[in-house]
Amino acid sequence: MSTLKAVRGTRDLLPPETALWNHIEATARRVFARYNFGEIRTPIFEDTQLFARGVGEETDIVSKEMYTWEDRARAQSEKAQSLTLRPENTAGVVRAYIEHKLGETGMLQKLYYIGPQFRRERPQKGRYRQFYQIGAEVIGPHSAGSESPLRDAEVLEMLATLLDELGITGWTLALNSVGSASDRPRYIAALREALKDKVAQMCGDCQRRAETNPLRVLDCKVPEDQPIIDTLPQIADFLDDASRAHFTAVCEALAACGVKYEINPRLVRGLDYYTRTTFEFTHDGLGAQNALLGGGRYDGLSEMLGGPKAPGIGFAMGEDRLVLTLAALSAREAELADYFIAPLGESLNAPALELARALRQAGLRIEVGDGSFRLKKSFETGNKLARKIILLGEDEQQSGILTVKDFASGEQSKIARAELVKPSKE
Ligand code: ATP
Ligand code: MG
């Protein structure tokens, strides 16, 4: 008999790796608690209509990635119900918000979830058919402040904190505004107009999208299409005053609390329910699947699902990708030398080698640059090879007080050579 294996795109998670998953989830729960979020658990499968209406018929998720089946009818008179394994969790959370009348409390609902999601995508590194998301939503009546740009900024600041606490360094936050429901039609009309005489040169997917959902053209990853996409109108020019003021306020609040971001006018995200703020955190260590998490505002979603007006904002992080990033970062960490010595001038090459010898004898892992390097090149090379850099100039050589910079923290300090060469304890 042939042996059975886990289905393509799914996998088993085993110890010791599961310890890392538990660590990530525990860290997320701890951080969410500090921001006063509570956990919600919604069913793994829902009525197919929820995703068709909530996520959007024309999205990749609904049009080709869902696991959908007809449930058996219980009686002959009953119609079989179409059910779907959840491909994302925001629609389910908003359904629950409506079903349990959470809006009637008059308070903001701050909910987080952790669990599996299902999409029939082509399996590859960082992309699975059963994957795990950690997400959160802030949703409530307008009177509770749910539309405030402060909510957007607070969610983004929480994410920066969570990634920092997980030890994920080197992420980038891309931010955009896709405008309100009334800005969008004007932009889409302009996009359609601009695409008219360009789309014939674009990929097959774009030709289809130009008809059905022109916004999705901006998501296209085909290299040949990129120069064409760069010439298309940008949504920023179609925002009304209220949307523009909202976006400016989000950016200002982020700047005030020191969260770095880049504005990406093409970031429209793959789900139809987004309004105003959209965002993505990416990480270079992930290769092609570089998105750690994505999210945005969905001020009209509750109404799209037949509920009351309930603006909201949320995100979903790919837990599988957090695990991959942490594993890559710790592998890199293990490869790094303790110090990179940068001699500042060729006359300091010989003293640099002498210092390296002393530090190596003390048990430290050392790389040495060259006095012909410019300072910038020393820093770049050092950053690739070591955790810290030692600048060895004439002054340092004379005084024996070395200038040391830690690449991770950016901190620069003066350390006596005698301190560094103390033999290690091992
Ligand atoms: P991508 O552009 O990578 O396909 P997406 O825009 O489809 O991402 P979302 O639907 O916003 O992503 O989901 C949020 C996060 O969930 C993504 O940033 C990613 O980290 C993760 N994710 C999405 N699809 C998968 C998948 N098939 N396997 C693993 N993680 C996934
Ligand atoms: Mg996707």
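Here the structure is a predicted model, which is why all the values come from computation and not from measurement.

1. A word on the overall build of the chain
The secondary structure content of the chain amounts to 15 helices and 16 strands. Each principal axis of the C-alpha atoms in the chain carries an extent, and together these give about 90 × 60 × 50 Å. When burial is assessed residue by residue, the chain has 47% of its 426 residues classed as buried. The contacts in the chain between residues at least 6 apart in sequence include a share of 70% that link residues at least 24 apart. Only carbon and sulfur atoms are counted for the fraction: they give 52% of the accessible area of the chain, which is about 21,500 Å².

2. Describing the side chain of glutamine 226
Locating glutamine 226 in the fold gives a position in helix H8 (residues 226-230). A distance of 2.7 Å separates a polar atom in the side chain of glutamine 226 from a polar atom in the side chain of arginine 266. Apart from residues no more than four positions distant in its own chain, glutamine 226 is found in contact with Cys220, Lys221 and Arg266.

3. With respect to the site of ligand 1
Every one of the 15 residues lining ligand 1 counts as a neighbour, but Arg119, Glu121, Tyr128, Arg269 and Arg321 are closest to it. A distance of 2.7 Å separates a nitrogen atom of ligand 1 from a polar atom in the side chain of glutamate 121. One of the backbone N or O atoms of glycine 318 is found 3.3 Å from an oxygen atom in ligand 1. Among the elements of the structure, strand S6 (130-139), strand S10 (291-297) and strand S11 (312-318) are those that each provide at least two residues to the shell around ligand 1. With 4 residues, the top contributor of residues to the shell around ligand 1 is S10. A per-class count over the shell around ligand 1 returns 6 nonpolar, 4 polar and 5 charged.

4. Focus on the sheet that holds strand S5 (residues 109-118)
Strand order in this open sheet of 8 strands is S1-S5-S6-S11-S10-S9-S7-S8, and the pairing throughout is mixed. Two strands close off the open sheet at either side, each with one partner strand: strand S1 (38-39) and strand S8 (262-263). For strand S7 (residues 171-177) and S8, the ladder comprises 2 bridges, and the chain directions are parallel. Counterpart to alanine 174 in the pairing with S8 is glutamate 262. Strands S7, S8, strand S9 (275-283) and S10 of the sheet are contacted by helix H9 (residues 241-256), whose axis makes an angle of about 160° with S7.

5. What about the packing of helix H5 (residues 149-166) against H9?
With their axes 8 Å apart at the nearest point, H5 and H9 run at an angle of 40° to one another. Considering the angle they form, H5 stands oblique to H9. With respect to the hand of their crossing, H5 and H9 are arranged in right-handed fashion. Residues Pro149, Asp152, Ala153, Leu156 and Glu157 of H5 touch H9, and the partners they reach there are His246, Ala249, Val250, Ala253 and Leu254. Counted by class, the contact of H5 with H9 contains 7 nonpolar, 1 polar and 2 charged residues.

6. What to know about the domain arrangement of the chain
Many analyses report the size of an interface as the accessible area lost when the parts associate. Split into domains, the chain comes out as domain 1 (17-181 + 258-329), domain 2 (183-239) and domain 3 (336-420). Put simply, the middle of domain 1 and the middle of domain 2, counted by C-alpha atoms, are 25 Å apart. Contacts between domain 1 and domain 2 engage 18 residues on the former and 18 residues on the latter. When domain 1 packs against domain 2, close to 1,500 Å² is buried across both sides, 40% of that on carbon and sulfur atoms. For the domain 1 face of the interface with domain 2, the top three residues by lost area are Glu58, Arg266 and Val268, together amounting to 40%. Across the contact surface, domain 1 and domain 2 share 1 salt bridge. Among the salt bridges present, the one from aspartate 230 reaches arginine 266, with a minimum N-O distance of 3.5 Å. Remark: the boundary between domain 1 and domain 2 carries 6 residue pairs in polar contact (both at pLDDT 80 or more).

7. Topic: the pattern of salt bridges
Here the structure, examined in full by the defined rule, presents 25 salt bridges. Linking arginine 11 and aspartate 320 is a salt bridge whose minimum nitrogen-to-oxygen distance equals 2.5 Å. Of this pair, arginine 11 sits in the segment before helix H1 (17-34) while aspartate 320 is found in helix H11 (residues 319-335), placing the two residues 309 residues apart along the sequence. Judged by its relative accessible area of 32%, arginine 11 is partly exposed. The partner of glutamate 165 in a salt bridge is arginine 30, and the shortest N-O contact between them spans 3.3 Å. Here arginine 30 lies in helix H1 and glutamate 165 lies in helix H5, a separation of 135 residues in the sequence.

8. A short note on helix H2 (residues 48-56)
Of all 9 residues making up H2, 7 are buried, and the element is well covered by its neighbours. Next to the buried residues of H2 lie strand S2 (45-47), helix H3 (60-65), strand S3 (68-70), strand S4 (82-85), helix H4 (90-99) and helix H10 (301-304).

Calculation rules
Residues numbered from 1 in each chain as written. Chains lettered and ligands numbered in written order. Predicted model: local features only at pLDDT ≥ 70, side-chain atom pairs only at ≥ 80, totals over all residues. Heavy atoms only, no water. Helix = DSSP H or I, 4+ residues; strand = E, 2+ residues; numbered from the N terminus. Buried < 20%, exposed > 50% of the residue type's maximum accessible area, 1.4 Å probe, protein only. Contact = heavy atoms within 4.5 Å. Areas by Shrake-Rupley, 256 points an atom, 1.4 Å probe, with all protein chains shown as cover. Polar contact = N/O pair within 3.5 Å; in protein donor to acceptor, adjacent residues only side chain to side chain. Near = heavy atom within 4 Å. Nonpolar A, V, L, I, M, F, W, Y, C, P; charged D, E, K, R; others polar. Pairing = 2+ DSSP bridges. Axes fitted to C-alpha atoms, helices over the stretch in contact; angles between N-to-C directions. Parallel < 35°, antiparallel > 145°, perpendicular 65-115°, else oblique. Left-handed = near helix turned anticlockwise from the far one by under 90°. Domains from an automatic or database assignment. Buried area = accessible area lost by both parts, 1.4 Å probe. Salt bridge = Lys/Arg side-chain N within 4 Å of Asp/Glu carboxyl O.

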